[in-house]
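Topology and contacts: notes
If you want the building blocks of each chain, they are given just below.
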Amino acid sequence: MIAVQDLTEEQAKRELKKLAMEIKANDALYYQDDAPVLSDADYDALRKRNLEIEARFPHLIRKDSPIKDVGAKPSGKFGKIKHAVPMLSLDNAFTDEDVIDFAAKVRRFLSMDEDAALACTAEPKIDGLSASVRYENGKLIHAATRGDGAVGEDITSNMSTLKDVPATLEGVGWPDVLEVRGEVYIADADFDAMNKAQEAAGKDTYKNPRNAAAGSLRQIDPRVTATRPLKFFAYAWGEIAAPLAGTQYEAVQNLGKWGFSINALTKLCESAEEMIAHYRKIETDRSTLGYDIDGVVYKVNDLALQDRLGFVSRHPRWAIAHKFPAEKAITQLEDIDIQVGRTGSLTPVARLKPVTVGGVVVSNATLHNEDEIARKDIRIGDTVEIQRAGDVIPQILRVLDPDREGRSAPYEYPKTCPVCEADAVREIDAKGKEDVVRRCVNGLSCPAQAIESLKHFVSRRAFDIDGMGAKQIEVFFEKELVKEPAHIFSLEARNNEIKLETWEGWGETSAQNLFAAINARREIPFDRFLYALGIRHVGQGNAQLIAKHYLSFDKFHRAIKQARSKIGEEWAELISIDGVGEAAAGSLVEFLNAPQNAFVVDELLEAVNVIDAEAPSADTAVSGKTVVFTGKLELMSRDEAKAKAQSLGAKVSGSVSGKTDYVVAGPGAGSKLKKAESLGIKTLTEAEWLELMR
Ligand code: IVH
């Protein structure tokens, strides 16, 4: 692709025309059909290219420029429902070994013998959309999409139209509160019929059953949804007023008795070998099932064990998805684009000659990083083999015929930022290891980093401002109205000059809605606020751990300033938080103490009020207490002890200090126990500790 600065006027004109069509077509796929074919990043790249060309040739801006087309965010059409119990996703296994490993890990966590029996269910992983349906006293109360796992969209009227979703529970024995979870999907035959009808009506067809199901479920008018052949398999549950059964298998059978469709291929297996055998059988039968699946899900059968196993960040420890191998295809690599991310990372993206892989047209693939390109000697113009697995971004596996004559020159990775032209470097860490990622050193002075940071700031898991998405950020940024987060909150006050309601694509109502949505976020939870700042290594998980630890943002902010030299008590406290690594701690301290960032954060704090995190419920004897485990534990594994303590609100630390409340010592405890005794810290045996937790 020609760099924007090298485009002739004629080339720019042609490309703007092409981009206008491409972006519009993708908008239609996304908004009207709920069937996007481009990843967000690829779509953003198109818009960015369009913006850059428009910026260089303002007189060529088209009447139908896609950039003017803002203000509409149809996803605002459904209300929100907070899940009483978060909807999690599953960790993946790709090989038989991964499955054996899963079983071994479960046994280790539970302190079971290596060869102890461990029963698991094995069932198809349906390629649809997950939904949660809540029943109170046997009546359907509401239904929600998964959303971000914590909050979903209210799809009650649409879900009520499904035959597989009873309005009133059947049979006996269901609990007063029951949240049923499962997958909404469309069967292959129904999908074909649906597309035939679309074609006959001269409408666009759906790409695959999953997209058709998504589009059908998100209709504004439930009467339209009612005409769509949506089905639902129940396979899990959220909040329940009483246990459904003693085992996973029986619990799901009960859901079947209460009126839900359950999957007949669910099998109770006694060993990893049996699980893998069932996987092979399902894989063989895959094409005859009549609906799309993308793997097999294994779940520990005993619900008491599931309970003990609990969760790691967003996945249960007691389940895993064994994915089917990815589908492959061959195509041409037309170009390599470099995208600049929020943290300055340069990411190579392959532009491919469009090819169908597993029913989806693929025209972009990830190239990971420069070492990967060099290792595979990938060059523009090559014929390449690509693979696409489920919802994972397609990858380039290898170059076909790498020895042929007349290949283009080896790809030369840029050493400067393609957006701001500053140096792009690969950092060397304290251990002398070179980062695989090359980064633009220009920080927020690089327009790409600034704009990506702003997009992150308003994104769903951060400030989640309705009506202010990536597209709107681009426009406000280009017009120099929003250069940093605080500027979002002064838009309304500046509207006398901005006159948003007069912009194309906007009106009085949409402008007022946007300001209302912005104002609604002037109160923001600590963890979201911290995550929104977009600090490297501080994802949602770390932000939550930190908020839970410090509770007040103010207190945390002061501590970080004290910790600037990475020594002393405040630094020690920060790195002692279980799960927050030194990389995250370092980047927090560096970010929040850098003068330019400190200014941006302080300005933002003028505009918003950060709500304290909730203190762990103080009704357990160990909540808020810091505990250190040392020596051998005999009643449970170290991991289970740690997870259990944390779930009751205790902090688990690796070293004994003045802040330690308890040291739990097993056989073989040494220096930590001595130190505890010398500091006068209460020491407990494992049994005493379990008693205390009870
Ligand atoms: S169990 C806490 N069982 O896969 C675990 N999930 O990556 C709850 N899915 O979001 C999920 N078939 O949408 C489970 N038989 C099955 C499934 C299944 C499809 C989906 C589900 C989930 C995703 C996990």
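The following paragraphs examine the structure supplied in this document. (Residues numbered from 1 in each chain as written. Predicted model: local features only at pLDDT ≥ 70, side-chain atom pairs only at ≥ 80, totals over all residues. Heavy atoms only, no water.)

With 13 residues, helix α5 (residues 188–200) should reach 18 Å at 1.5 Å per residue; the first-to-last C-alpha distance of 18 Å fits that figure. On its buried side, α5 packs onto β7 (177–186) and α6 (209–217). Looking one or two residues beyond α5, the residue adopting positive phi is Gly-202, at roughly 70°. (Helix = DSSP H or I, 4+ residues; strand = E, 2+ residues; numbered from the N terminus. Expected span 1.5 Å × (residues − 1). Contact = heavy atoms within 4.5 Å.)

Let us look at the layout of surface pockets. Leftover empty space is mapped by rolling, across the atoms, a probe with the size of a water molecule. There is about 1300 Å³ of room inside the second largest pocket. In terms of lining residues, the second largest pocket is bounded by 45 residues, among which Glu-427, Arg-536, His-537, Ser-587 and Glu-590 are the most central. Within the residue set of the lining of the second largest pocket, elements represented by two or more residues are β20 (439–440), α12 (447–458), α21 (582–593) and α22 (595–607). For the lining of the second largest pocket, the element with the highest residue contribution is α21, accounting for six residues. Across the lining of the second largest pocket, the residue classes break down as 19 nonpolar, 12 polar and 14 charged. (1 Å grid on protein atoms, 1.4 Å probe; cavity = no way out; pocket = protein on both sides within 12 Å on 5 of 7 lines; lining within 4 Å. Points joined across faces, edges and corners; volume = space filled by probe spheres on them. Nonpolar A, V, L, I, M, F, W, Y, C, P; charged D, E, K, R; others polar.)

It is worth spelling out the site of the ligand at this point. Not every one of the 13 residues close to the ligand is listed here, only the nearest: Glu-123, Ile-126, Glu-183, Tyr-235 and Lys-299. Lys-299 is positioned such that a nitrogen or oxygen atom in its side chain is 3.1 Å from a nitrogen atom of the ligand. With the chains in place, 87% of the 530 Å² that the ligand exposes on its own is no longer accessible. Elements supplying a minimum of two residues to the shell around the ligand: β3 (120–126) and β10 (293–300). When residues of the shell around the ligand are assigned to their parent elements, the largest contribution, four residues, is made by β3. Looking at the shell around the ligand residue by residue, the classes come out as seven nonpolar, two polar and four charged. (Near = heavy atom within 4 Å. Polar contact = N/O pair within 3.5 Å; in protein donor to acceptor, adjacent residues only side chain to side chain. Areas by Shrake-Rupley, 256 points an atom, 1.4 Å probe, with all protein chains shown as cover.)

Turning our attention to the pattern of salt bridges. A side chain of one charge can pair with a side chain of the opposite charge if their charged atoms are brought near each other. All chains considered together, the criterion is met by 39 salt bridges. Here Arg-438 and Glu-370 are joined by a salt bridge, their closest N and O atoms 2.6 Å apart. Of the two residues, Arg-438 sits in the loop between β19 (424–425) and β20 while Glu-370 sits in helix α11 (residues 370–375), which places them 68 residues apart along the sequence. Judged by its relative accessible area of 12%, Arg-438 falls in the buried class. Relative accessible area serves as the criterion here: at 13%, Glu-370 is assigned to the buried category. Residue Lys-566 is joined to Glu-590 by a salt bridge in which the shortest nitrogen-to-oxygen separation is 2.5 Å. (Salt bridge = Lys/Arg side-chain N within 4 Å of Asp/Glu carboxyl O. Buried < 20%, exposed > 50% of the residue type's maximum accessible area, 1.4 Å probe, protein only.)

Moving on: unusual backbone geometry. Unlike most non-glycine residues, Asp-401 shows phi in positive territory, near 55°. By relative accessible area, which is 46% here, Asp-401 ends up partly exposed. Positive phi, close to 70°, is recorded for Glu-421, a residue that is not glycine. Within the secondary structure layout, Glu-421 lies in the loop between β18 (395–400) and β19.

What follows covers empty space enclosed by the protein. Per the counting criterion, the structure on display carries three cavities of 30 Å³ or more. Looking at the largest cavity, its volume works out to about 60 Å³. The wall of the largest cavity is formed by Glu-123, Pro-124, Ile-126, Phe-233, Ala-234, Tyr-235, Val-252, Asn-263 and Thr-266. Of all the elements in the fold, those that place two or more residues in the lining of the largest cavity are β3 and β8 (230–240). Considered class by class, the residues forming the lining of the largest cavity number six nonpolar, two polar and one charged. Considered as a void within the structure, the second largest cavity measures approximately 40 Å³ in volume. Taken together, Ile-81, Lys-82, His-83, Ala-84, Ser-132, His-142, Ala-144, Glu-179 and Arg-181 form the lining of the second largest cavity. Grouping the constituent residues of the lining of the second largest cavity by class yields three nonpolar, three polar and three charged.

So, on to the nonpolar core. In this structure, Met-468, Ile-488, Leu-530 and Phe-556 are the most contacted members of the largest nonpolar core, which totals 60 residues. Top element by residues in this core is α21. It accounts for six residues. Look past the residues within four positions of Met-468 in its chain and what remains in contact with it is Val-458, Ile-473, Phe-476, Ile-488, Leu-491, Leu-514 and Ile-518. Membership of the second largest hydrophobic core comes to 34 residues, among which are Phe-78, Tyr-206, Leu-230 and Val-252. (Core = buried A, V, L, I, M, F, W, Y, C linked by side-chain atoms within 4.5 Å.)

This part is about the sheet that holds strand β23 (residues 626–630). If you walk across this open sheet you meet the four strands as β24-β23-β25-β26, and the pairing is parallel. On the outer flanks of this sheet lie β24 (651–653) and β26 (682–684), each paired with one strand and no other. Mean inter-strand twist for the sheet, computed between neighbouring axes without regard to direction, equals 30°. The sheet contact formed by strand β25 (residues 662–665) and β26 spans three bridges and is parallel. Residue Val-664 lies in a different strand from β26, and its bridge partner there is Leu-684. (Pairing = 2+ DSSP bridges. Axes fitted to C-alpha atoms, helices over the stretch in contact; angles between N-to-C directions.)

Read from one edge of the open sheet, four strands run β5-β4-β7-β8, paired in antiparallel fashion. In this open sheet, the two edge strands, each paired with only one partner strand, are β5 (139–145) and β8. Across the sheet, the axes of successive neighbouring strands diverge by a mean angle of 30°, strand direction being ignored. Across the face of the sheet, α6 comes into contact with β4 (129–136), β7 and β8 while running at roughly 125° to β7.

With that settled, the discussion passes to the side chain of Thr-156. Examined against the element boundaries, Thr-156 turns out to sit in helix α4 (residues 156–159). With a relative accessible area of 17%, Thr-156 lands in the buried category. Side-chain polar atoms of Thr-156 contact the backbone nitrogen of Ala-143, separated by 3.1 Å. A polar side-chain atom of Thr-156 sits 2.5 Å from a polar atom in the side chain of Asp-154. Not counting residues within four places of it along the chain, the set of residues in contact with Thr-156 comprises Ile-81, Leu-140, Ile-141, His-142 and Ala-143.

What follows concerns the environment of Ile-53. Structurally, Ile-53 is set in helix α2 (residues 40–56). Residue classification places Ile-53 among the buried residues on the basis of a relative accessible area of 0%. Remark: the alpha-carbon pair of Ile-53 and Leu-7, spanning 46 residues in sequence, is separated by 8.6 Å. Excluding its chain neighbours within four sequence positions, the residues that come into contact with Ile-53 are Val-4, Leu-7, Ala-12, Glu-15, Leu-16 and Leu-19.

Attention now goes to the state of the cysteines. One pass over the full model with this rule turns up zero disulfides. The closest cysteine sulfur to the non-disulfide-bonded Cys-269 is located on Cys-120, 7.8 Å from its own sulfur. A relative accessible area of 0% means that Cys-269 is categorised as buried. No disulfide involves Cys-420; its sulfur sits 3.6 Å from the nearest other cysteine sulfur, which is in Cys-440. (Disulfide = S-S within 2.5 Å.)

This part takes up the packing of helix α3 (residues 96–109) against helix α9 (residues 272–285). Between α3 and α9, the shortest axis-to-axis distance is 10 Å and the interhelical angle comes to 145°. Considering how the two elements wind past one another, α3 and α9 form a crossing that is right-handed. Contacts between α3 and α9 pair Asp-96, Val-99, Ile-100, Phe-102 and Ala-103 from the former with Ala-272, Met-275, Ile-276 and Arg-280 from the latter. Along the lines of polarity and charge, the residues of the contact of α3 with α9 split into seven nonpolar, no polar and two charged. (Left-handed = near helix turned anticlockwise from the far one by under 90°.)

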